[in-house]
Amino acid sequence: PTGVTEPDMIRIVILAEVAARTDDRNLLQQMVNDARDAYSTGSSVVRRGAAHVLALAAWQRGDVHDAMRWLGDIALFESPIWPHVLDQVILGARVAAAAGDAGLRARVLQATDLLERERPAIPLFTGVAGYARGILERDAQALLAAADVLQSSSRPLLCAAAAEDAGGELARTDHPDEAVHQLNAA
């Protein structure tokens, strides 16, 4: 009633991610409606989460330009670090690679640099950075390495997504047996 709070936004983002991964279009549409309302009235953190949901929905429906528009409005990686920030970096890499947008690509690379700057290195951050770079470069080996690093993380969906992207890239480069192995792993 008084507006979307930051915990509300986390719920919306998580449900949107679940809806996207399970192809639940009704749930995704509900989260898009909530995100649109939150975007216009929320704090900067709420607006960032809402833009993520709106970009994810655009990506899911194949509208790369709308996804780029929403991602262009937010920082991909900044504090506070909410659970969806790492997914946001990966979504940014996917959209930048598909759109061929140099500006978004540079922002994704800036986010990966921040992820890799942590000392001692945090495997989850390192895996996400490698995953994003693998997407941008269409590098199957980098995607395989990222999937291996993410295997031990507490984010099995990120690991599965990296393996799936590695499988897709291996199939594209005519390595069908390796591609099938990675897709099965995903």
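To start, this report covers the structure provided alongside it. (Residues numbered from 1 in each chain as written. Predicted model: local features only at pLDDT ≥ 70, side-chain atom pairs only at ≥ 80, totals over all residues. Heavy atoms only, no water.)

## What about the layout of surface pockets?
The method is simple in principle: a probe with the dimensions of a water molecule rolls over the atoms, and the space it marks as empty is what remains. Note the following rule: Each cavity reported here is a set of points on a 1 Å grid over the protein atoms alone in which a 1.4 Å probe fits but cannot get out, each pocket an open set with protein on both sides within 12 Å along at least five of seven lines, and each lining residue one with an atom within 4 Å of a point. Grid points are joined across faces, edges and corners, and a volume is the space filled by probe spheres set on the points. The numbering of helices and of strands both runs from the N terminus, where a helix is a DSSP run of H or I of at least 4 residues and a strand a run of E of at least 2. Gly falls in the polar group here, along with every residue not listed as nonpolar (Ala, Val, Leu, Ile, Met, Phe, Trp, Tyr, Cys, Pro) or charged (Asp, Glu, Lys, Arg).
Looking at the largest pocket, its volume works out to about 440 Å³. Lining the largest pocket are 17 residues, with Arg21, Gln60, Arg94, Ala161 and Glu164 sitting closest to its centre. Among the elements of the structure, α1 (6-22), α3 (44-60), α5 (85-99) and α9 (156-172) are those that each provide at least two residues to the lining of the largest pocket. At six residues, α9 tops the list of elements feeding residues into the lining of the largest pocket. Its residues assigned to classes, the lining of the largest pocket shows 10 nonpolar, one polar and six charged.

## Remarks on the pattern of salt bridges
Rules: Any carboxyl oxygen of Asp or Glu within 4 Å of a side-chain nitrogen of Lys or Arg constitutes a salt bridge here. Three exposure classes are used, based on accessible area relative to the maximum for each residue type with a 1.4 Å probe and protein chains only: buried under 20%, partly exposed in between, and exposed over 50%.
What the rule picks out here adds up to 13 salt bridges. Note that Asp66 and Arg61 form a salt bridge whose closest N and O atoms lie 2.6 Å from each other. Ionic pairing is found between Arg105 and Glu137, a salt bridge with its closest N-O pair at 2.4 Å. Within this pair, whereas Arg105 is found in helix α6 (residues 102-117), its partner Glu137 is found in helix α7 (residues 123-137), the two being separated by 32 residues in sequence. Taking the relative accessible area as the measure of exposure, Glu137 reaches 47% and is therefore partly exposed. When salt bridges with common partners are traced through the structure, they connect Glu17, Arg21, Asp87 and Arg155 into a single cluster.

## Some words on α5
Selection rule: Given the number of residues in a helix, its expected span is that number minus one, multiplied by 1.5 Å. In what follows, a contact means two residues having at least one pair of non-hydrogen atoms within 4.5 Å.
Given a rise of 1.5 Å per residue, 15 residues ought to cover 21 Å, and the 21 Å separating the end C-alpha atoms of α5 matches this to within 8%. A large share of α5 lies buried, amounting to 11 of its 15 residues. For α5, the full list of buried residues reads Val85, Leu86, Asp87, Gln88, Val89, Ile90, Leu91, Gly92, Ala93, Val95 and Ala96. Buried residues in α5 make contact with α1, α3, α4 (64-71), α6, α7 and α9. The positive-phi residue at the C-terminal boundary of α5 is Gly100, with phi of around 70°.

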